[in-house]
Amino acid sequence: MLKYTLLVVSLCFVVNVFAQDKTREQVIELMAEDTCECIKKDKTSFTQDKSMNQKQVALGLCLLKSYNTRKSESSAMKDSGIDDFEALGEEVGIQMVSTCGVEFMAIFSDEQLGEIIDDVDEDETAPPPPAAKNDNDLQLEAELLSLSNDAVSYFQVKDAFDKTHTFIINEQFDGYKLLKKSNFNKSFNIYYKEIDMFDLSERKYVKKKVVKYLELID
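Let me sum up the structure you'll find in this document. The written sequence of each chain sets the order in which its residues are numbered from 1. Only residues with pLDDT of 70 or above have their local features reported here, since the model is predicted, and side-chain atom pairs are shown and tallied only from 80 upward, although totals for entire chains, interfaces and linings are computed over all residues. Side-chain descriptors were evaluated using all non-hydrogen atoms of the structure, hydrogens and water having been removed beforehand.

A look at the sheet that holds strand β4 (residues 187-199)
Strand pairs in the sheet, formed through backbone hydrogen bonds, run parallel or antiparallel to each other.
Next, step 1: Two strands make a pair as long as DSSP finds a minimum of two bridges between them. Runs of H or I in DSSP of at least four residues are treated as helices and runs of E of at least two as strands, each being numbered from the N terminus. Around the barrel, five strands lie side by side as β1-β2-β3-β5-β4; this closed barrel has mixed pairing. On average, each strand axis in the sheet is tilted by 50° relative to the strand beside it, whichever way the strands run.
Next, step 2: With two bridges connecting them, strand β3 (residues 164-169) and strand β5 (residues 204-216) associate as parallel partners. When the bridges of β5 are listed, F167 appears paired with K209. Axis angles are defined between N-to-C directions and span 0 to 180 degrees, where every axis is a line fitted to C-alpha atoms and, for a helix, only to the segment in contact.

Quick notes on the state of the cysteines
Linking two cysteines covalently via their sulfur atoms produces the bond known as a disulfide.
Next, step 1: Throughout, disulfides are identified as pairs of cysteine sulfur atoms within 2.5 Å of each other. Enumeration over the complete set of coordinates arrives at two disulfides.
Next, step 2: Between C36 and C100 runs a disulfide, and the two sulfur atoms are separated by 2.2 Å. Disulfide C36 to C100: torsion about the S-S bond roughly -65°, handedness left-handed. With C36 in helix α2 (residues 24-41) and C100 in the loop between α4 (82-99) and α5 (101-105), this pair connects stretches of sequence that are 64 residues apart. Both residues of the pair, C36 and C100, count as buried.
Next, step 3: Note that C38 is cross-linked by a disulfide to C62, the S-S spacing being 2.0 Å. Since a negative S-S torsion denotes a left-handed disulfide, the C38-C62 link at about -65° is left-handed. Pair noted here: C38 is in helix α2 and C62 is in helix α3 (residues 52-70), with a separation of 24 residues, a long-range link.
Next, step 4: A residue is classified by how much of its surface remains accessible, and C38, at 21% relative accessible area, is partly exposed.
Next, step 5: For the protein chain, the bonded cysteines connect in the pattern 1-4, 2-3 when numbered consecutively along the sequence. Only protein chains enter the accessibility calculation, which uses a 1.4 Å probe; a residue whose area is less than 20% of its type maximum is buried, one above 50% is exposed, and one in between is partly exposed.

A word on the side chain of D159
Next, step 1: The topology assignment puts D159 in the loop between β2 (153-158) and β3.
Next, step 2: Just so you know, the count uses Lys and Arg for positive and Asp and Glu for negative, and it drops His and the chain ends. What makes a salt bridge here is a side-chain nitrogen of Lys or Arg within 4 Å of a carboxyl oxygen of Asp or Glu, nothing more. The buried charged residue D159 lacks any salt bridge, with K163 as its nearest oppositely charged partner at 6.0 Å.
Next, step 3: In protein, a polar contact requires one atom able to donate a hydrogen and another able to accept it; more generally it is a pair of N or O atoms within 3.5 Å, and residues adjacent in sequence count only if both atoms are side-chain atoms. Separated by 2.8 Å, the side chains of D159 and H165 make a polar contact.
Next, step 4: Contact definition: two residues touch when any of their heavy atoms are within 4.5 Å. The contacts of D159, once residues within four sequence positions are left out, are L140, E141, A142 and H165.

Here is the structure:
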C-alpha cells in the first residue's frame, strides 16, 4: 500500500512539473500581459511629459518584475543571462504591440515614436549578435595551430588524435578575440555547425565546419 501511495504521489508530482513548464513563447506572451498591466497601474511614469529615458527605466522595472515572477515557469528561462534578458525584452516589446496595442503606443509622444522607428531602422542594418553557447551544437576539443585572414577567414586546430581540422569564420561569435598567436598550442572547446560548400578541388559540395562559439580550456 505504501509503495502504491508513493508511486501515485510521484506521478502527480511529475505531471504537475511538466504541466507548469511553459515554452519561451508562452512566457513571452505572459510577460507582455504583465508589462501591459504594469503600465496601466502606473499613473505617473508614462505621462507625456516624461522623457524617453524615464519611460525606458519604468518599462525595464515592469519587465524585470514580470521576469522574476515568470522565469520559474519555464526551464527555457532558467539559465538566462543578461544578454538573453535584453533579447527577451525586445521580444516582449514586440508582443506588447499586439497585446496592449494602442495603450502601449500611447505612452510615447510623436517625437519619441520617431526615435523608436529610427532605432529599428539602425538595428535592421546592424549585423546579428553572436549566438549564445548551445550544448546541442557539434563540439570539438583541440589545440589551436594557425590563423588565416584571406578572402575567407579560418583557423586550424589539431585534435587528440593529431588530426587537423579547419574552421571557417563567416559570422560574429563569442570567443573570437581568443584567436591570436599568443594562444597557439592552447586547447579550446569549439562549438560549430556544418554547411555545404562547393569545393573546387573536389568539384562537388562538401561539409565545411563553421565556428559558432569558442572557449579556452584552462
